Amino acid sequence: MIKHLMTIDDEPIDQKMYRRLISKSGIVETLHQPMSGQEALNFLAAPDRPKIDAMLLDINMPGMSGFEFLEKAQAAHGNSFVRYAVLMLSSSTRRQDQERAAAFPMVRDYLAKPLTIEALEGIDKKLAEINASPAQSIS
């Protein structure tokens, strides 16, 4: 089970779709849904925040792109701001975006929207492997 999943996306419709799909999957205990990179950074800065297992991060957001969020989160927290991985979730199929995402050590995958239950199950499977062997986590 994914204990804490965060979806960072500025689109209310996308966030609503994520909530429905995640609820239907039954494999996420707690969903955190900041609507911007800044809101997510504020969450990560809280001293009593739960450890986020995985993040689904949109690239194209106003104010702060997904890439800018990654740069700021990494500068503030190192690679350990997420337990398993950040998965870029975008409608962009630009090769430049995929290559830029791959340059961040915490980014483990680049998924095309829409989110699928299979993608969530893949995250759950990887977290189960990490729990069996803690040395595989990013931190």
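Residues numbered from 1 in each chain as written. Predicted model: local features only at pLDDT ≥ 70, side-chain atom pairs only at ≥ 80, totals over all residues. Heavy atoms only, no water.

## Comments concerning the overall build of the chain
Then step 1. When its secondary structure is counted, the chain shows five helices and five strands.
Then step 2. In the chain, the succession of helices and strands from N to C terminus is β-α-β-α-β-α-β-α-β-α.
Then step 3. By the compact-globule yardstick of 14 Å for 139 residues, the chain fits well, its C-alpha radius of gyration being 14 Å.
Then step 4. When each of the 139 residues of the chain is scored for burial, the buried share is 47%. (Helix = DSSP H or I, 4+ residues; strand = E, 2+ residues; numbered from the N terminus. Rg over C-alpha atoms; globule rule 2.2 N^0.38 Å. Buried < 20%, exposed > 50% of the residue type's maximum accessible area, 1.4 Å probe, protein only.)

## Details of the nonpolar core
If you look at soluble globular proteins, the nonpolar side chains tend to sit buried side by side.
Then step 1. Membership of the largest hydrophobic core comes to 24 residues, with the highest contact counts inside it found for Met-55, Phe-69, Leu-70, Phe-81, Val-86 and Met-88.
Then step 2. Among all residues touching Phe-69, those that are not within four sequence positions of it are Ile-8, Gly-37, Ala-40, Leu-41, Leu-44, Met-55, Leu-57, Met-64 and Phe-81.
Then step 3. Core analysis: the next-biggest nonpolar cluster, separate from the first, contains 20 residues, Leu-5, Ala-54, Ala-85 and Leu-87 among them. (Core = buried A, V, L, I, M, F, W, Y, C linked by side-chain atoms within 4.5 Å. Contact = heavy atoms within 4.5 Å.)

## Comments concerning the environment of Lys-72
Then step 1. Tracing the sequence through the fold places Lys-72 in helix α3 (residues 66-77).
Then step 2. Counting along the chain gives 26 residues from Lys-72 to Ala-46, while the straight-line C-alpha distance between them is 15 Å.
Then step 3. Filtering out sequence-adjacent residues up to four positions away, Lys-72 remains in contact with Leu-41 and Met-64.

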